[in-house]
Amino acid sequence: MKYVTEYRDAELVRGVIDEIARTITRPWTLMEICGGQTHAIVRHGIDQLLPPEIELVHGPGCPVCVTPLEQIDRALAIAAKPDVIFCSYGDMLRVPGSTVDLFSIRAAGGDVRVIYTPLDAVRIARDNPDKQVVFFAIGFETTAPANVMSVIQAKNLGLKNYSILVSHVCVPPATHAILGSPDNRVQGFLLAGHVCAVMGYWEYSPIAEQYGIPMSVTGFEPLDIVQGILANVQQLEAGKTDVVNAYPRAVTFDGNKPAQKMIDKVFVACDRKWRGIGTIPSSGWELRPEFDEFNAEKRFDVGEITTEESPLCIAGEILRGLKKPNDCVAFGNECNPEHPLGATMVSTEGACAAYYKYGRGVEL
Amino acid sequence: MCLGVPGKIIEVTEKNGLRMAQVDFGGIVREACLEYLPEANVGDYTVIHVGFAISLLSEEEAKASLEMLQEIIDLEDELGIGYSTEKIK
Ligand code: SF4
């Protein structure tokens, strides 16, 4: 298909990798933030085709992986209520909470439904006026436009039985947290192309400047990814710290203004806890007080939540680029997609899931 | 869920006060909301996230990128240098 096949052209990918090899003179560690890119990289074996000087580490850009355990447990408690229809993106169903997951709530008789778009949840609410419909609104900047529109739509339709459980996170504060950490190894960033499609990439220039590293807005096809890497390497070798747009067919400097406006109308910045990483100041969004009636946290009292994380799971270190999935002793043993110990093993964008699926059990 | 997919708008409609579209993803047609791309129309390519079009794909930019990359490769061929040739089948 147009805009896809050209960007999978092996000849072109090879050519760009050659150019990277010609440009590079010393080792560099780059992080791809987005879990979608992690999967593309591992699936196409791009990391193995690159010159050995480049190490790619995988970032925190998987919303399912970083949704805090408290919020998963809260979702489970709400979903187990008898009058609730709980709607979620499919990825969340197998994510382990402290004790169970959404899947087992459904098996035990809970009405848990997988939806493709939040507008489906609004439709379900309209069709089931005697039920409370709750949508688990997770994600980065990419899903925010859709999630906030569901609230606007529910408001316009006058629905009294729709609410969302918000656990939104934002990329720029996460890059700050990674680069500002004393054990940081990242020397260049591949920015998540579709996050930038929504938000633009103007926010990153001050961060790149502050930490003295380059960044490139990067797409998701193999050619996009090697192009993003080339842009990073060219800058690193030249000692530059610009934010380069290596995905111009989909991303503009300003991003999607109508989407930003709608997000700002419904959401406000808040401190957010990231699973395995901890609290990052102003790193998330929550509903503005004007939309309290749509706030599932206010609508449902689930009592005190005490969480329990698997002691084996090192997902937090993986998400900060400090370790790789195959550094985890549980990888492929106690932890696998059937019996996951951490969210990174079940999410379609999780690094552990990618390593498992594409057979990266042992370092070659 | 987080991954955006490119598709072609084949029909624009209205539903419950929202601007909607039928979008063709290489043979599979699904509905998507166009509220955030008021300028999008039939024939345009767009990236869809969880049922919402968030960005128009620019044909001009796509062509320019491909041409720039092709130039790098042509130069390489001319100079007879290659690093990864033996690594990709
Ligand atoms: S392999 Fe499993 S236990 Fe280990 S870090 Fe990944 S999700 Fe956690």
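Per chain, residues are indexed from 1 in the order of the written sequence. Working convention: letters from A go to chains and numbers from 1 go to ligands, in the order in which they are written. With pLDDT at 70 or above as the cut-off, local features in this predicted model cover only qualifying residues; side-chain atom pairs require 80 or more to be listed or tallied, and sums for whole chains, interfaces and linings still use all residues. Side-chain calculation: all heavy atoms of the structure are included, whereas hydrogens and water are not.

Attention now goes to the site of the ligand. Neighbouring the ligand are 13 residues; C313, C328, C335, T344 and C352 of chain A lie closest to it. Here the shell around the ligand is built from residues that sort into 11 nonpolar, two polar and no charged. Nearness is defined per residue: one heavy atom within 4 Å of the molecule or strand is enough. Ten residue types, Ala, Val, Leu, Ile, Met, Phe, Trp, Tyr, Cys and Pro, are classed as nonpolar, four, Asp, Glu, Lys and Arg, as charged, and the remainder, Gly among them, as polar.

Looking now at the sheet that holds strand β8 (residues 215-218) of chain A. Residues and elements named next belong to chain A. Strand order across the open sheet formed by five strands is β2-β1-β7-β8-β9, with parallel pairing between neighbours. Each of the sheet's edge strands pairs with one partner strand only, and the pair in question is β2 (54-61) and β9 (243-245). Adjacent strand axes in the sheet meet at a mean angle of 25 degrees when their direction is disregarded. Sheet analysis places strand β1 (residues 28-34) next to strand β7 (residues 188-192), joined by three bridges and oriented parallel. Paired with E32 across the bridge in β7 is L190. In this description, contact between two residues means that some pair of their heavy atoms is separated by no more than 4.5 Å. Axes here mean lines fitted to C-alpha atoms, for a helix over just the part in contact, with angles spanning 0 to 180 degrees between N-to-C directions. Runs of H or I in DSSP of at least four residues are treated as helices and runs of E of at least two as strands, each being numbered from the N terminus. Relative to the sheet, helix α2 (residues 35-44) contacts β1, β2, β7 and β8, its axis offset from that of β1 by approximately 120 degrees. Two strands qualify as a pair provided that DSSP identifies no fewer than 2 bridges between them.

By definition, a disulfide links two cysteine residues through a covalent bond between their sulfur atoms. Residues and elements named next belong to chain A. Note on terminology: pairs of cysteine sulfur atoms within 2.5 Å are recorded as disulfides. This model, assessed by the stated rule, comprises one disulfide over all chains. Sulfur-sulfur distance for the disulfide between C62 and C65 comes to 2.4 Å. Of note, the bridge from C62 to C65 carries an S-S torsion of about 75 degrees and is right-handed in sense. Across the pair, exposure class does not vary: C62 and C65 are buried alike. C196 carries a free sulfur, and the closest cysteine sulfur to it, the one in C34, is 10 Å from it. The cut-offs for exposure are 20% and 50% of the maximum accessible area for each residue type, with area from a 1.4 Å probe on protein chains only; residues under the lower value are buried, those over the upper are exposed, and the others partly exposed.

All names here are of chain A. With mixed pairing, the six strands of this open sheet are ordered in space as β4-β3-β5-β6-β11-β10. Looking at strand neighbours, the two that pair on one side only are β4 (111-114) and β10 (267-274), the edges of this open sheet. The average angle at which neighbouring strand axes cross in this sheet is 25 degrees, direction not considered. Two strands pair when backbone bridges link them, and β10 and strand β11 (residues 278-287) are joined in this way by seven bridges, in the antiparallel orientation. Of the residues in β11, the one forming a bridge with C270 is G284. Contacts from helix α7 (residues 118-127) reach β3 (84-88), β4, β5 (132-139) and β6 (162-169), with the element oriented near 170 degrees to β5. Relative to β11, helix α9 (residues 171-180) is tilted by about 175 degrees, and along the sheet it contacts β6, β10 and β11.

For an interface, size is often stated in terms of accessible area lost upon the parts coming together. Between chain A and chain B, the contact holds 55 residues from the first and 49 residues from the second. Summed over both sides, the interface between chain A and chain B buries roughly 4,500 Å², with carbon and sulfur atoms accounting for 67% of that surface. Each salt bridge in this description consists of a side-chain nitrogen of Lys or Arg and a carboxyl oxygen of Asp or Glu lying within 4 Å of one another. The tally of links from chain A across to chain B stands at zero salt bridges. We define a polar contact as two N or O atoms separated by no more than 3.5 Å, with the added condition that, inside protein, one atom must be a possible hydrogen donor and the other a possible acceptor, whereas residues neighbouring each other in sequence contribute only through side-chain atom pairs. At the surface where chain A touches chain B, the tally comes to 11 residue pairs in polar contact (both at pLDDT 80 or more). Breaking the side of chain A that touches chain B down by element, the ones donating at least two residues are α1 (10-23), α3 (46-49), α4 (63-66), α7, α8 (144-156), α10 (193-199), α12 (222-238) and α13 (257-266) of chain A. At 10 residues, the largest contribution of residues to the side of chain A that touches chain B is made by α1 of chain A. Buried area: the sum, over both parts, of the accessible surface (1.4 Å probe) that disappears when the two are put together.

Our next topic: the pairing of β11 of chain A. Residues and elements named next belong to chain A. For β6 and β11, the ladder comprises two bridges, and the chain directions are antiparallel. Bridge pairing links V169 to G284 in β11. Between the end of β10 and the start of β11, which pair antiparallel, lie three residues, with G276 showing a positive phi angle near 80 degrees.

Residues and elements named next belong to chain A. When cut into domains, chain A gives domain 1 (5-59 + 198-245), domain 2 (64-170 + 255-299) and domain 3 (323-357). Segment limits for the domains were obtained from an automatic or database-derived domain assignment. The centre of domain 1, based on its C-alpha atoms, is set 24 Å off from the matching centre of domain 3. Counting residues at the interface gives nine residues for domain 1, matched by 10 residues for domain 3. In total, domain 1 and domain 3 occlude about 630 Å² of area from one another, counting both sides; carbon and sulfur atoms represent 66% of this. Interface area lost by domain 1 to domain 3 is led by H39, V42 and H58, which between them contribute 66%. At the junction of domain 1 with domain 3, the criterion picks out one salt bridge. Two residues, E55 and K324, come together in a salt bridge whose shortest N-O distance is 3.4 Å. Taken together, domain 1 and domain 3 are joined by five residue pairs in polar contact (both at pLDDT 80 or more). Of all the secondary structure elements, the ones that give two or more residues to the side of domain 1 that touches domain 3 are α2 and β2. Looking at side-chain class alone, the side of domain 1 that touches domain 3 contains three nonpolar, five polar and one charged residues.

The subject of this paragraph is the nonpolar core. All names here are of chain A. Ranked by size, the top nonpolar core spans 132 residues in total, and within it F86, Y162, F189, Y204, M215, I229 and F267 carry the most contacts. A domain-level breakdown of this core finds at least three residues from each of domain 1 (5-59 + 198-245) and domain 2 (64-170 + 255-299). In contact with Y204, not counting residues within four places along its chain, are V171, P172, T175, L191, V195, C196, M215 and V243. Throughout, nonpolar core names a set of buried Ala, Val, Leu, Ile, Met, Phe, Trp, Tyr and Cys residues whose side chains join them through atoms within 4.5 Å. Listed in part, the 12 residues of the second largest apolar core include C328, M345, C352 and A354.

This structure, assessed with the given rule, holds 17 salt bridges over all chains. With its nearest N and O atoms 3.1 Å apart, the salt bridge here joins E31 of chain B to K15 of chain B. Pair noted here: E31 of chain B is in strand β3 (residues 28-33) and K15 of chain B is in strand β1 (residues 5-15), with a separation of 16 residues, a long-range link. Here K15 of chain B falls in the partly exposed class, since its relative accessible area comes to 41%. Within the structure, one salt-bridge network assembled from shared partners comprises E55, R185 and K324 of chain A.

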